[in-house]
Amino acid sequence: MRTILSMFAKSPFKPLVSHIDQVNECVNKIKPLFDAYSSKDYKKVEEIAKDISKVEYKADKIKTDIRQHLPQSIFLPVDKRDFMGLLSAQDDIADAVEDLAVLMRIKNIEIPEKLSDPLMDLVIHVVDLANDACSMIRELEDLLEASFGGAEAEKIETMAANLGTAEYEADKKQFLLAQKLFSLNDLGAAELFLLNEVIKKLGGVADQSEKIGKTLHLFLSR
Amino acid sequence: MDLNTFLMVFAVSACIYMACNIGANDVANAMGTSVGSGSLTFKQAIYVAAIAEFAGAYFVGGHVSDTIRKGMLDPIIFSDAPIHLVYGMIAALVAAALWLNIASYLGWPVSTTHSIVGAVVGFGVTAGGLDAITWSKVWAVVISWIVSPLMGGVVAFLLFRFLTNQVFRRRNPLLYAKKILPYMIFLVCVILANAMFYKGLKNLYLDLSFAKAMFYSIIFGVIGFLVSKPLAKKIPDVPKKEIHNQLEATENIFKYLQITTAFYIAFAHGSNDVANAVGPLAAVFSILESGTVAMKVAMPSWILALGGGFIVFGLLIWGRRVMETIGNKITEITPSRGFCATFAGATVVLVCSKMGLPVSTTHTLVGSVIGVGLARGLPTLNLGIIKEIIISWVATVPFTGLLAAILFKIMLFTLS
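Definitions and limits used
- Residues numbered from 1 in each chain as written.
- Chains lettered and ligands numbered in written order.
- Predicted model: local features only at pLDDT ≥ 70, side-chain atom pairs only at ≥ 80, totals over all residues.
- Helix = DSSP H or I, 4+ residues; strand = E, 2+ residues; numbered from the N terminus.
- Buried ≥ 20, exposed ≤ 12 C-beta atoms within 10 Å, placed from the backbone.
- Contact = placed C-beta atoms within 7 Å.
- Rg over C-alpha atoms; globule rule 2.2 N^0.38 Å.
- Nonpolar A, V, L, I, M, F, W, Y, C, P; charged D, E, K, R; others polar.
- Pairing = 2+ DSSP bridges.
- Core = buried A, V, L, I, M, F, W, Y, C linked by C-beta atoms within 7 Å.
- Expected span 1.5 Å × (residues − 1).
- Axes fitted to C-alpha atoms, helices over the stretch in contact; angles between N-to-C directions.
- Parallel < 35°, antiparallel > 145°, perpendicular 65-115°, else oblique.
- Left-handed = near helix turned anticlockwise from the far one by under 90°.
- Bend = angle between axes of the 7 residues up to and from the residue.
- pLDDT = per-residue confidence, 0-100.

Chemist: Give me the overall build of chain A: which residues, what numbers.
Modeler: In terms of helices and strands, chain A carries 8 helices and 1 strand. Beginning at the N terminus, the succession of helices and strands in chain A can be written as α-α-α-β-α-α-α-α-α. Its C-alpha atoms put chain A at 70 × 35 × 20 Å along the principal axes. Counting every position in chain A, which comprises 222 residues, the buried fraction comes to 43%. Relative to all contacts within chain A whose residues are 6 or more apart in sequence, the contacts with residues 24 or more apart total 86%.

Written out as structure tokens, the structure is:
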């Protein structure tokens, strides 16, 4: 027998968290990927890249699942477009990480000595930033419970602001790294192009992560 | 067995059947949010419901029966052949109970009140034509059906908004929840006590005027306040920075409130819906006893006790299973949200039944759940199901009306 409780559909916020868990797993593979690359362990690069693809695929499946189970007839406490935007933002992070892994499988190149440290610095910065973005999604349940207000909302606002600052710093690091890259004269065209793409993609991961903060900010402002 | 005895036995059986269905169908809806949020285990919910339903039915249940029995139907048309009214009432009981049984089977949370009203109108029209029905009363009832979910929704929406601002959006929600707890208990006690004292408790000869009832209710409320205040103070504090733990502790406080309101809604349901089963029986009883259609019939206590008793029986036998499924299902409702929906629903039902309007507990609750959802209180609301529910609501009156008319004709041909 059905009761009035059937009015409560399954909360789509829970799968959103399972989705971000997969995204986070992708993000956490960035550092090992670069470690393997700079130590020229290309077999390991291949391995990690494949892992990333697998996890990204899992995230993709969850995303499709959420989209299919979010019919028109469902009422959410947030704007449905914002919700979908958040899901896309999450998925874009995983996509960016996958793109990064693909780029690094195209050609085995040696990272110039001069770039090594600032590149790893950028990698760590981007990974931290993306991790922070993921942990924001894990606050969603509390945010819902607090009715999008109170101390929890302040916490989210602060996190979003910090994310913005971190993204700005990532941009700066990215710019300086690009400058360093193009000041190297002994680099082949392929190396130059590929490394530039990698740096740009890293920046992309940061950009997509920042979007999570922006979307959650929208949740609060409506 | 002479015809009168047979009819009386038949009517009592039909009333029992109806009461059992009411217990099975509605109680799960009334108690569902408390079980779903984990405030009560399904067993505790059964006990609370059993006690509260019976108390509500027995002590306050007398009012709504008037509207169903006499308000909508003009008894004058039956004065030549009072026995026809007996047939009709039995037909109405059987039709409504059958519909409830079917609806439970199909999983539609329909209203017991709608079912009986539809059935009474159905046989009334068959027996005496369109003029037999006091349509203005029927319209008042119909309007109350639309109004009750709306009122449930509005009250729940406002209550949740109030709690949002007063508790959840504070930096220290636990502190404010502890502060608000005794006041909420006060409110519940006052409304509950007022429902019992004002025009209620006829069986205990406690029929007080509104002013007197209010006076005693407030005393009752103050007692509740004074008892809960030190208890609220005892709840351990959680550091402000641990937001998650703060929210969790806050929800725990609402668990107590929800248990109180679970009693409250079951009481309101018992007081309101028992009439759907016992109203027709009381009419049958008075006609068979006196042989005439009386304008005013007293509701014998034994009939109220019978109705209340079998509502409890129905919920123990059938409602139990439903509650168990709810208890095992993960529902996306927390005690605070459940409290708002239940509190709003119960208040609207009690106020309406005091005014003599036979509103539907189920409809009011559906309205109040939507109200909480619209106030951004629920992670989702399945509007598709709501459409389905509304369709089953609309189907109720024509179905029971038609069925009661057919049953009435059958009885007319076979028994006279």
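Chemist: Which residues make up the overall build of chain B, and what values go with them?
Modeler: If you tally the helices and strands in chain B, you get 13 helices and 1 strand. Rg of the C-alpha trace for chain B: 22 Å, near the compact-globule value of 22 Å for 416 residues, within the 12% margin. For the C-alpha atoms alone, the extent of chain B along its principal axes is close to 80 × 45 × 35 Å. Here the analysis covers contacts within chain B between residues at least 6 apart in sequence; of these, 87% occur between residues at least 24 apart.

Chemist: A description of the interface of chain A and chain B should follow, citing residues and the corresponding values.
Modeler: Often the size quoted for an interface is simply the accessible area lost on bringing the parts together. Taken residue by residue, the interface counts 29 residues in chain A and 39 residues in chain B. Counting residues per element, the ones that place at least two in the side of chain A that touches chain B are β1 (74-75), α6 (140-145) and α7 (150-183) of chain A. Among the elements that make up the side of chain A that touches chain B, the one with the highest residue count is α7 of chain A (4 residues). Taken together, the residues of the side of chain A that touches chain B break down into 17 nonpolar, 7 polar and 5 charged. As paired elements, β1 of chain A and strand β1 (residues 381-382) of chain B share 2 bridges and run antiparallel to each other.

Chemist: Can you break down the nonpolar core residue by residue, with the values?
Modeler: In this structure, V97 of chain A together with C15, I90, A91, A92, A95 and A266 of chain B are the most contacted members of the largest nonpolar core, which totals 220 residues. Setting aside anything within four residues of it in sequence, one finds I90 of chain B in contact with F10, A11, A14, V284 and M411 of chain B.

Chemist: With reference to specific residues and values, describe helix α3 (residues 42-68) of chain A.
Modeler: Residues and elements named next belong to chain A. Between its terminal C-alpha atoms α3 stretches 39 Å, which fits the 39 Å expected from 27 residues at 1.5 Å a residue. Turning to α3, its buried residues are V45, I48, A49, I52, V55, E56, A59, I62, K63 and I66. Tucked into the core, α3 has its buried residues touching α1 (13-28), α2 (30-38) and α4 (80-106).

Chemist: Provide a residue-level description of the packing of α3 of chain A against α4 of chain A, including the pertinent values.
Modeler: Residues and elements named next belong to chain A. Two numbers describe how α3 lies on α4: the axes approach to 9 Å, and their chain directions differ by 160°. Relative to α4, α3 is oriented roughly antiparallel. Relative to α4, the crossing made by α3 is left-handed. Contact residues: V45, E46, A49, I52, S53, E56, A59, K63 and I66 in α3; L87, D91, A94, D95, V97, E98, A101, M104 and R105 in α4.

Chemist: How would you summarise the packing of α1 of chain A against helix α5 (residues 113-137) of chain A if you had to cite specific residues and measurements?
Modeler: Residues and elements named next belong to chain A. Two numbers describe how α1 lies on α5: the axes approach to 9 Å, and their chain directions differ by 170°. When the axis of α1 is compared with that of α5, the two are roughly antiparallel. The residues of α5 that touch α1, namely those facing L16, V17, I20, V23, N24 and V27, are V127, A130, N131, C134 and I137. The residue inventory of the contact of α1 with α5, partitioned by class, reads 9 nonpolar, 2 polar and no charged.

Chemist: Could you give an account of the environment of E141 of chain A, with specific residues and numbers?
Modeler: Residues and elements named next belong to chain A. Here E141 is to be found in helix α6. Residue E141 is classed as partly exposed on the basis of its 18 C-beta neighbours within 10 Å. Here the alpha-carbon distance between E141 and V17, two residues 124 residues apart in the chain, equals 9.2 Å.

Chemist: Give a description of helix α7 (residues 173-197) of chain B that names residues and reports values.
Modeler: Residues and elements named next belong to chain B. For α7, spanning 25 residues, the distance from its first C-alpha to its last is 35 Å, which sits close to the expected 36 Å at 1.5 Å a residue. Of all the bends found along α7, the most pronounced is centred on I180 and spans about 30°, while P182, a proline, follows it within four residues. With respect to burial, α7 is a largely interior element, 19 of its 25 residues being buried.

Chemist: Account for the confidence of the model for chain B, naming residues and giving values.
Modeler: Atom-level detail of predicted coordinates should not be read off regions where pLDDT is low. Scored by pLDDT, chain B has a mean of 83; 91% of the residues are at 70 or more. Taken together, the chains of this predicted complex give a pTM of 0.85 and an interface ipTM of 0.81.

Chemist: Tell me what's going on with unusual backbone geometry, and back it up with residues and numbers.
Modeler: In the Ramachandran plot, K40 of chain A falls in the positive-phi region, its phi being about 60° despite a non-glycine side chain. Along the chain, the position of K40 of chain A falls in the loop between α2 and α3. If you check the backbone angles, R376 of chain B has positive phi at about 65° while not being a glycine. Mapping R376 of chain B onto the fold places it in the loop between α12 (361-374) and β1.

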